[in-house]
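# Coordinates in review
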Amino acid sequence: IINEGERGVKVTTGKYELTPLEPGLHFVIPVIQQIIIVDTKVRVINYRSLDKMLSEHSFDDGIMTKSAITVLDKRGLPVTIELTVQYQLNKANASKTISKWGISWEEKIINPVVRDIVRNVIGGYDAESLPIKRNEIAKLIDTKIREKIDNLQDKPAHLQSIQLREIILPKRVKEQIERVQIAKQEVEKAQQEVEKAKQDAFKREETERGKANAIKIEAEGEISDYLDSLETFAIVGALTHSMSAEK
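Residues numbered from 1 in each chain as written. Predicted model: local features only at pLDDT ≥ 70, side-chain atom pairs only at ≥ 80, totals over all residues. Heavy atoms only, no water.

## Looking at the overall build of the chain
When you go through the chain residue by residue, the secondary structure sums to six helices and eight strands. Starting at the N terminus and walking to the C terminus, you meet the elements of the chain as β-β-β-β-α-β-β-β-α-α-α-α-β-α. When burial is assessed residue by residue, the chain has 32% of its 247 residues classed as buried. Relative to all contacts within the chain whose residues are 6 or more apart in sequence, the contacts with residues 24 or more apart total 66%. For the chain, the accessible area works out to roughly 16300 Å², and carbon and sulfur atoms hold 55% of it. (Helix = DSSP H or I, 4+ residues; strand = E, 2+ residues; numbered from the N terminus. Buried < 20%, exposed > 50% of the residue type's maximum accessible area, 1.4 Å probe, protein only. Contact = heavy atoms within 4.5 Å. Areas by Shrake-Rupley, 256 points an atom, 1.4 Å probe, with all protein chains shown as cover.)

Given below as structure tokens:
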């Protein structure tokens, strides 16, 4: 019996039949024939560091946990990469895949390709730049793994997803990055203080300018009032003189 999510590969006297068997009940001739049942559901490989491997326990047959991928960066420094790969056996070509690669096909196809691509991609970067360019690196790893798997003869598998989980840097590189970050923070803080000082100085200048304008306006008002008073006195004086002359 072949269950849903499985395919059967019928082997007759050592020869693999090209068309895989669908889920259901199938009969074979004892001794002469056998059916190899393969899983066609989505499968997962988790690449984890040793401490996480010990703490994580999976009871699902479709999930494998392997050691994280340790590679060298552009300068030869060791970097450890954790990622998760989801893939699925190509149902239509299941017989060809098992015939060519065997029942452990994923160990001969998925795992080597993933490790090879990660090694090549990480080898093109300095360890210090890896956290900054994480998204770029994740996309590059995804693209190159897909290209390599899709270009294999008979397309044995379909990749569902490739997720970059963590980039573990050497201790001294992490310390150097932390020092750089602290230095940047101090520079940014100093720049903020300078900017604040400029703003405070500008505010004081505006306040003083406002006060000066107020004093000027007040003085101009007083002068205007004084001139108005003089003008009034002059008019009154002129009228008085005129009236006296008429008498």
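## Remarks on the pattern of salt bridges
In total, this model carries 13 salt bridges according to the counting rule given. Here aspartate 39 ties to lysine 41 by a salt bridge, and the two come within 3.2 Å at their closest N and O atoms. In this structure aspartate 39 comes out as partly exposed when scored by relative accessible area, which is 22%. Residue class for lysine 41 comes out partly exposed when judged on its relative accessible area of 41%. Salt bridges here are not isolated pairs; linked through shared partners, they connect Asp39, Lys41, Arg43 and Glu106. (Salt bridge = Lys/Arg side-chain N within 4 Å of Asp/Glu carboxyl O.)

## Considering helix α2 (residues 94-101)
For α2, every residue scored as buried is listed here: Ala94, Ser95, Thr97 and Ile98. The arc enclosing the buried residues of α2, seen along the axis, measures out at 165 degrees, which places them on a common side. On its buried face, α2 sits against β1 (6-12), β2 (15-16), β3 (33-39), β7 (78-89) and α3 (105-108). One or two steps after α2, the chain reaches glycine 102, where phi turns positive at roughly 90 degrees. (Arc of directions from axis to C-beta.)

## Topic: unusual backbone geometry
The residue threonine 13 is not glycine, and still its phi comes out positive at about 45 degrees. Its place among the elements puts threonine 13 in the loop between β1 and β2. Given the relative accessible area of 64%, threonine 13 is considered exposed. You will see that valine 31, though not glycine, has its phi angle at about 75 degrees, which is positive. Within the fold, valine 31 resides in the loop between β2 and β3.

## A short note on the packing of aromatic side chains
The full count for this structure, using the stated rule, is one aromatic pair. Judged by centre distance (5.9 Å) and plane angle (85 degrees), the rings of tyrosine 87 and tryptophan 105 are edge-to-face. Of this pair, tyrosine 87 sits in strand β7 while tryptophan 105 sits in helix α3, placing them 18 residues apart in sequence. (Phe/Tyr/Trp six-rings, centres within 6.5 Å; stacked < 30°, edge-to-face > 60°.)

## What to know about the nonpolar core
Counting residues in each nonpolar core, the largest one holds 40 residues, and the members touching the most others are Leu83, Val85, Ile110, Val114 and Ile145. Among the elements that make up this core, the one with the highest residue count is helix α4 (residues 110-122) (seven residues). Apart from residues no more than four positions distant in its own chain, valine 114 is found in contact with Tyr47, Ile69, Leu83, Val85 and Ile145. (Core = buried A, V, L, I, M, F, W, Y, C linked by side-chain atoms within 4.5 Å.)

## Let's talk about the sheet that holds β1
Taken in spatial order, the three strands line up as β2-β1-β3 in an open sheet, and their pairing is antiparallel. Each end of this open sheet is capped by a strand with a single partner; those strands are β2 and β3. Pairing of β1 with β3 involves seven bridges; the strand directions are antiparallel. Counterpart to valine 9 in the pairing with β3 is isoleucine 36. (Pairing = 2+ DSSP bridges.)

## Concerning a nonpolar patch on the surface
Taken together, the side chains of Ile1, Leu25 and Phe27 present a nonpolar region at the surface, about 410 Å² in accessible area. Residue position: phenylalanine 27 is located in the loop between β2 and β3. (Patch = residues over 30% accessible without salt bridge, like charges linked within 9 Å, V, L, I, M, F, W, Y side chains within 5 Å.)

## Quick word on the environment of valine 38
Tracing the backbone through its elements, the reader meets valine 38 in strand β3. Residue class for valine 38 comes out buried when judged on its relative accessible area of 4%. For the pair formed by valine 38 and lysine 91, sequence separation is 53 residues and the distance between their alpha carbons is 9.4 Å. Residues in contact with valine 38, not counting those within four places in the same chain, are Gly5, Glu6, Arg7, Val9, Leu89, Ala94, Ile98 and Ile103.

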